[in-house]
Amino acid sequence: MVKYILQRILLAIIVLLGSCFLVFVLLRVFTPDPSVGEGGAGKYATSEQRKAWRDARGLNEPLIIQFTDYIKKVVTGDLGKSYKTRANIAKEMSDRLPVTIELALFSLILSSVFGMLIGVAAATKKDAFTDRICMFFSSIGMSLPTFWFAILLVDFFAGRFHILPSGDIVDSCYTVEKTTGFYFADTLISQNYKAFLSFLRHLILPTISLMLSSVAVFSRITRSSVLDVLKKDYVKTAKSKGINESKVLIHHVLKNALPPVVTVIGLQFVTFLGGAVLIESIFSWPGIGKYLLDATLNSDFPVIQATVFMVTILTVFTNLIMDIMYAILDPRIRFCRKEANR
Amino acid sequence: MKIEENTNNYAKINVNFKLKEIVKTVVKNKMSLISLVVLMIIVFIVIFGNFLTPYNPTEQSRTQIHQKISINHWFGTDEHGRDILSRILAATKLSVISGILCVLFSFAFGIVLGATAGYYEGKIDSLIMRFMDILLSLPSILLAITIMCILGRGFEKAILAIGIVNIPDYAMIVRGSILSEKQSDYVQASRVIGAKDSYIIFKSILPNVISSLIVRATLGISDAILSAAAIGFLGLGAQPPVAEWGDMLGRSRSYMFIYPHEAFFPGVAIFITVLAFNFLGDGLRDALDPKSREI
């Protein structure tokens, strides 16, 4: 087990460095000279001034040296400065990353709970009306464009009926003291309950938009996994012993149907980090998705590089945890590895 | 010579029989049948869209700005007075073709990379799969945006970005299938008679795994249409005055509280097209890959 975990960690580091290097090189080779653009050496700068601007940022060094310098700085917590706003990227990240993670986590918890409930309901009533309705709506959920659905929600709840806010993270009349960076925790720690309720109200529409397709994915995977387990002999034996249906479902079926669903939890978290770009831009949610989009529209390369790096760390880390959890939940994986090692 | 002819005839009968079975299963499923009819209508719009538009989709009119739904403009007009129905019809071609091109790109590269990795194994396999891991280490839409940032804005670049992002999907399927099929008797037999590697991969193994690839590709078209619309929505895809569903949606956001119909219809167009491809994909999976029917 320890060897397996070490292998996964090594692989994660290779992938992390590889993807960071790839983006680093491609951004420098294929994009126009940053000294010319906005935030560069200036519109009327001479070629000497441009060279000096590039020299000051180490952009004239060979790529491999630039990359090792960058990694050294990243390790010390320095992610550089934005070309456009000249703001410290690490500071921006520490403000924005928790906000995105918060949105992704809320969506993940709700979508996995709803999805699993729907999946179990559909599987236990296979081919019945409930099953068909669940599967039909899951197909619709997977086909609805998230951003369109979000716009419709905003139009309906904020534009027409003014029930929920359409943007931002808390009402502007509240100031939240930052301790952890997570609004959910910070509002509670500072006992600012009004701000906490305001945060929850602002969270509703982005969460619903983000979890839409995910509920569909969870329900489908849970349904298929539960159906698979329901066919197994031990379930038939338990049923033939006269054990209560719900007991069989909880103790025998769900326990064994869980591992594939756990893998999907990790995948969905990663998907949410991506979906955040769209949702954050619609709801003016001040997370890293919006940060990346603004940087892309302004060709602000240090910000793009840093955002990609941070999201890759999150993705690789999530995948690593999922791999380990999967091995813990499913003893066959551990066993297979032990056998292979012998 | 005679044996070869017989084998060919047998193969033809087998293909016809399989095709009939597939069509039968797809038609039997009501949702797949409906989606097939919807897709035929979409294909009709793709081919004859230019003749169906009541107005010129790019022609601006200052007197017709933000018109509501009426007999003259069934879906209203946008902020430049352009007829929304005409723009949706014109954009159908772009969106459907972008979906197909993205899938073709990732399909071709995925097959070559997956087959090479699975067939030769060893170092080349590790190298290709680590590259796939790198591509998978970012959420797909974020990776597509990063690639677009490197390549620049534009419709063709969006296709390329989405195509690159989806390569691992196909490469993984092909690699897995080749790894399991490689040990089969028919592959060993081909090796014994001295067949070339490329012949074994493309003529012997791939035809046996093509069904799961076709299913993935059909579902992949809907994913690609959604991603292309998302990129258009963010303003990175097709540039004005070209009509594109995602771009139309993105522009209508500024007026959504006053003129919600401008955001509604392009979204419906994306939704119907994606839903039709998804249902067809489900039907095809039932027909071609019955083992995964439960999902």
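Just above, that's the structure.
Let me sum up the structure you'll find in this document. (Residues numbered from 1 in each chain as written. Chains lettered and ligands numbered in written order. Predicted model: local features only at pLDDT ≥ 70, side-chain atom pairs only at ≥ 80, totals over all residues. Heavy atoms only, no water.)

## Points about the overall build of chain A
Link 1 in the chain: The helix and strand tally for chain A stands at 13 helices and zero strands.
Link 2 in the chain: Tracing chain A from N to C terminus, the helices and strands come up as α-α-α-α-α-α-α-α-α-α-α-α-α.
Link 3 in the chain: Overall, chain A is about 85 × 65 × 40 Å in size when its C-alpha atoms are taken along their principal axes.
Link 4 in the chain: Here chain A holds 342 residues, and the buried ones make up 47% of them.
Link 5 in the chain: In chain A, 73% of the contacts between residues at least 6 apart in sequence involve partners at least 24 apart.
Link 6 in the chain: Per element, the accessible surface of chain A, about 17200 Å² overall, is 64% carbon and sulfur.
Link 7 in the chain: Side-chain charges of chain A comprise 37 positive and 26 negative groups, with the mean position of each set lying 8 Å from the other. (Helix = DSSP H or I, 4+ residues; strand = E, 2+ residues; numbered from the N terminus. Buried < 20%, exposed > 50% of the residue type's maximum accessible area, 1.4 Å probe, protein only. Contact = heavy atoms within 4.5 Å. Areas by Shrake-Rupley, 256 points an atom, 1.4 Å probe, with all protein chains shown as cover. Lys, Arg positive; Asp, Glu negative; His and termini not counted. Charge placed at Lys NZ, Arg CZ, Asp CG, Glu CD.)

## Looking at the interface of chain B and chain A
Link 1 in the chain: Across the boundary between the two partners, chain B contributes 41 residues, which contact 52 residues of chain A.
Link 2 in the chain: With a shortest N-O distance of 3.6 Å, B:Asp282 and A:Arg220 are connected by a salt bridge.
Link 3 in the chain: The interface formed by chain B and chain A holds six residue pairs in polar contact (both at pLDDT 80 or more) in total.
Link 4 in the chain: Sorting the residues of the side of chain B that touches chain A by element identifies helix H4 (122–136), helix H5 (140–151), helix H8 (197–233) and helix H10 (261–288) of chain B as the ones contributing at least two each.
Link 5 in the chain: The biggest single contributor to the side of chain B that touches chain A is H10(B), with twelve residues.
Link 6 in the chain: For the side of chain B that touches chain A, the per-class residue count stands at 30 nonpolar, four polar and seven charged. (Salt bridge = Lys/Arg side-chain N within 4 Å of Asp/Glu carboxyl O. Polar contact = N/O pair within 3.5 Å; in protein donor to acceptor, adjacent residues only side chain to side chain. Nonpolar A, V, L, I, M, F, W, Y, C, P; charged D, E, K, R; others polar.)

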